[in-house]
Amino acid sequence: MAEKPIIKTRWETNPLYNDRKLKLGTFGTNLKYAGAVTTAEGTHEASWPNVMELAKMCDQMEFEAIVPVARWRGFGGVTNFAGPGFETFTFAAGLAAATKYPCIFATSHVPLVHPITAAKQITVIDHISGGRCALNIVTGWNRPEIEMFGIELIEHDKRYDMASEWLTIIDRLWTDDEEFDHQGKYYNIVKGYLEPKPIQTPRPVVMNAGGSERGRHYAAKNADISFVPPKTRDFEELKKMVSSYYELGRDEYKNNLQMWTNCYIVQGETENDAQEKLRHYVYEKGDWEAGTNLVTTMGINAETFTEEEMVGMKAHFMAGWGGFPIVGTKDQIVDTMLNLSSCGLDGILLTWTQFEKDMGEFMDETYPLLLQAGLR
């Protein structure tokens, strides 16, 4: 008789719950260009050998997370940024089988994936990985993508109502031993059923990025990890922002959240060298048409910003999905990460422009300094 899978707590199986001071992950490696909206040479290609090369480095450095970006169409321009790439559930399943250490995320737009399907797929990935997968929930903000499916983009706050019902169904599928019916505003489930259950208990890890007030409350109540958009480069202000997310979860919802954000790294022999690299790939080689389409689709418009501020906003997103900039020498990179950790962040997701080359350089030259600094 075949043995039943062993159910374990996520604290036993998932590296997101290790005791390292600052956890690390990669961001967007399922997409061509990853996070850099640029025509510069050597950018990331969305090929499985490239994905595997980066995953191998994640294993070697024991990065805690690999997080893909769920995109269904690009933002135009000469790069069609974020268009070419791999769907995230199948991406996660492939990497779950090919890696040993990181937690592998699948990112799902709520209106595009039925909760029974999402629950089943995450369960499979959890079994493939031995209990080290996670679900990143996106409520669906990209109108051209949503409309490509023939679905209407609903009003902002209602998206979170839908996402709450969506996750409630998934949680029940993951935990209820008996079949159940569900009649809600957005879903009707008749004799809901899922076997086997995930390996992780009480459930696989859930992450959500909520920048609006409604989004913050959704993450604080429902998620295990809150992805905090880095809206400031001032460390004191960032510390206050992170603290407000944490306190909302703890005080209002009795939820002890982890706090993560995203960053892009540009390393040089000198600070000027690093700044010149950044200027070159954004201002000289950047795909400004795609960058403009990206910020416009996100709802950022010139009516609330000056022309100069809009250029800066576009450049910020073109440099690496609007992440916190970590630019300078290897020592300055470590200092910045120390400061980010001191802001209360549990982890950061990283991108590089020439991903394979730059991440390899980081592994050889910078990562040993992180160990020395006590961050790992």
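Whatever comes next refers back to the structure up there.
In this text, all values refer to a predicted model and were calculated from it rather than measured experimentally. Along every chain, residues carry numbers that run from 1 in the direction the sequence is written. The model is predicted, so local features are restricted to residues of pLDDT at least 70 and side-chain atom pairs to those at 80 or more, both for listing and for counting; the totals for chains, interfaces and linings are taken over all residues. The side-chain quantities take in all heavy atoms of the structure and omit both hydrogens and water.

Participant: When you look at the overall build of the protein in this model, what are you seeing that I'm missing?
Facilitator: Each helix corresponds to a stretch of at least 4 residues labelled H or I by DSSP, and each strand to a stretch of at least 2 residues labelled E; elements are numbered beginning at the N terminus. Looking only at helices and strands, one finds 13 helices and 13 strands in the protein. For this measure, only C-alpha atoms enter the radius of gyration; the expected value for a globule follows 2.2 Å times N^0.38, where N is the number of residues. Relative to its length of 376 residues, the protein is compact, with a C-alpha radius of gyration of 20 Å against a globular reference of 21 Å. Principal-axis analysis of the C-alpha atoms gives the protein an extent of 60 × 45 × 40 Å. Each of the 376 residues in the protein was classed as buried or not, and the buried ones make up 54%. Across the protein, every contact between residues at least 6 apart in sequence was considered, and the portion connecting residues at least 24 apart equals 75%. Each residue's exposure class comes from its accessible area (1.4 Å probe, protein chains only) as a fraction of the maximum for that residue type: buried when under 20%, exposed when over 50%, partly exposed otherwise. Note on contacts: a residue pair qualifies if any of its non-hydrogen atoms lie within 4.5 Å across the two residues.

Participant: How should unusual backbone geometry be read in this particular structure?
Facilitator: Among all residues except glycine, the phi angle is most often negative; among peptide bonds, the trans geometry is most common. Backbone torsion omega between E195 and P196 reads -5°, so that peptide bond is classified as cis. Topologically, P196 is positioned in the loop between β7 (188-192) and β8 (200-201). Look at the link from T201 to P202: it is a cis peptide, with omega at 0°. Within the secondary structure layout, P202 lies in the loop between β8 and β9 (205-208). One non-glycine residue, Y33, lies in positive phi territory at about 75°. Along the polypeptide, Y33 turns up in the loop between β2 (23-27) and α2 (48-61). Backbone geometry places N80, a non-glycine residue, at a positive phi of 45°. By the element assignment, N80 lies in the loop between β3 (65-67) and α3 (88-98).

Participant: Just checking my understanding: could you explain a nonpolar patch on the surface for this structure?
Facilitator: Taken together, W72, M148 and F149 make up a surface patch of nonpolar side chains, about 280 Å² in accessible area. Its location among the elements puts W72 in the loop between β3 and α3. Only residues whose relative accessible area exceeds 30% and that form no salt bridge enter a patch; like-charged residues are grouped when within 9 Å of one another, and nonpolar side chains (Val, Leu, Ile, Met, Phe, Trp, Tyr) when within 5 Å. For accessible areas, the Shrake-Rupley method is used with a probe of radius 1.4 Å. Any residue's cover is judged against the shown protein chains and nothing else. Any Lys or Arg side-chain nitrogen found within 4 Å of a carboxyl oxygen on Asp or Glu counts as a salt bridge.

Participant: I would appreciate a short explanation of α3 in the present structure.
Facilitator: Three or four residues apart is the spacing at which side chains of an α-helix point the same way, because the helix has 3.6 residues per turn. Those residues of α3 that fall on the buried side of the exposure criterion are T88, F89, F91, A92, L95 and A96. One side of α3 carries all its buried residues, which in axial view fall inside an arc of 155°. Of the exposed residues in α3, the ones pointing more than 90 degrees away from its buried face are T90 and A97. Read the arc as the range of directions from the helix axis to the C-beta atoms.

Participant: Looking at this structure, how should I read the nonpolar core?
Facilitator: The nonpolar side chains of soluble globular proteins are, as a tendency, buried together. In terms of nonpolar packing, the biggest core is built from 76 residues, with F63, I326, M337, I348, L350, M359 and F362 touching the most fellow members. Per-element tally for this core: the top contributor is helix α6 (residues 156-175), with nine residues. In contact with I348, not counting residues within four places along its chain, are L22, K23, L24, G25, W260, T261, C263, I326, M337 and L340. Here the nonpolar core consists of buried residues drawn from Ala, Val, Leu, Ile, Met, Phe, Trp, Tyr and Cys, with membership extended through side-chain atoms lying within 4.5 Å. Counting 40 residues, the second-largest nonpolar core is a separate cluster that includes L31, A65, L278 and V327.

Participant: What should I look at first to understand the pairing of strand β4 (residues 103-109) in this one?
Facilitator: A regular strand places its side chains on the two faces of the sheet in alternate fashion. With seven of seven residues buried, β4 lies mostly within the body of the structure. Residues C103, F105, T107 and H109 point to one face of β4 and I104, A106 and S108 to the other, with burial holding for every one of them. One ladder, built from two bridges, connects β3 with β4; its direction is parallel. Looking at the pairing, A65 lines up with C103 of β4. Once the chain exits β3 it traverses α3 before rejoining the sheet at β4, and the crossover so formed is right-handed. Sheet analysis places β4 next to strand β5 (residues 133-138), joined by six bridges and oriented parallel. Directly across from I104, in β5, lies its bridge partner C133. A crossover counts as right-handed when, viewed with the strands pointing away from the observer, the path leading from the first strand over the helix to the second turns clockwise. As for the winding sense of the linkage, the β-α-β connection from β4 through helix α4 (residues 115-129) to β5 is right-handed. One bridge is not enough; two strands pair if DSSP finds at least two bridges between them.

Participant: Is there a simple way to think about the packing of α4 against α6 in this case?
Facilitator: The geometry of a pair of packed helices is captured by two quantities: the angle between their axes and the separation between those axes. The contact between α4 and α6 brings their axes to 9 Å, and the two run at 45°. Relative to α6, α4 is oriented oblique. Viewed along their axes, α4 and α6 form a crossing whose handedness is right-handed. Each of P115, I116, A118, A119, I122 and T123 in α4 lies in contact with α6, whose residues at this interface are W166, I169, I170, L173 and W174. Polarity classes work like this: nonpolar for Ala, Val, Leu, Ile, Met, Phe, Trp, Tyr, Cys and Pro, charged for Asp, Glu, Lys and Arg, and polar for all others, with Gly in that last group. Taken together, the residues of the contact of α4 with α6 sort by class into 10 nonpolar, one polar and no charged. Only the stretch in contact is used when fitting a helix axis, every axis being a line fitted to C-alpha atoms; angles between N-to-C directions are given from 0 to 180 degrees. To sort the angles, those under 35 degrees are grouped as roughly parallel, those over 145 as roughly antiparallel, those from 65 to 115 as roughly perpendicular, and the leftovers as oblique. Helix crossings are classified by the rotation of the near helix relative to the far one: an anticlockwise turn of less than a right angle makes the crossing left-handed, while a clockwise turn makes it right-handed.

Participant: Even after reading the chapter, I still don't get the packing of aromatic side chains, so can you show me in this structure?
Facilitator: In this description, a pair of aromatic rings is defined by centroid distance and the angle of the planes. We call Phe, Tyr and Trp rings a pair once their centres come within 6.5 Å, taking the six-membered ring for Trp, and we label the pair stacked below 30 degrees between planes, edge-to-face above 60, and tilted otherwise. Applying the stated rule across the entire model yields 14 aromatic pairs. Plain terms: the ring middles of W352 and F362 are 5.3 Å apart, the flat faces sit at 55° to each other, and that makes the pair tilted. One end of the pair, W352, is in the loop between β13 (347-351) and α13 (355-372); the other, F362, is in helix α13, and 10 residues separate them in sequence. A relative accessible area of 4% means that W352 is categorised as buried.

Participant: Which parts of the structure should I look at to understand the side chain of H316?
Facilitator: Following the sequence through the fold, H316 ends up in helix α11 (residues 307-320). Judged by its relative accessible area of 14%, H316 falls in the buried class. The contacts of H316, once residues within four sequence positions are left out, are P230, R233, Y264, G322 and G323.

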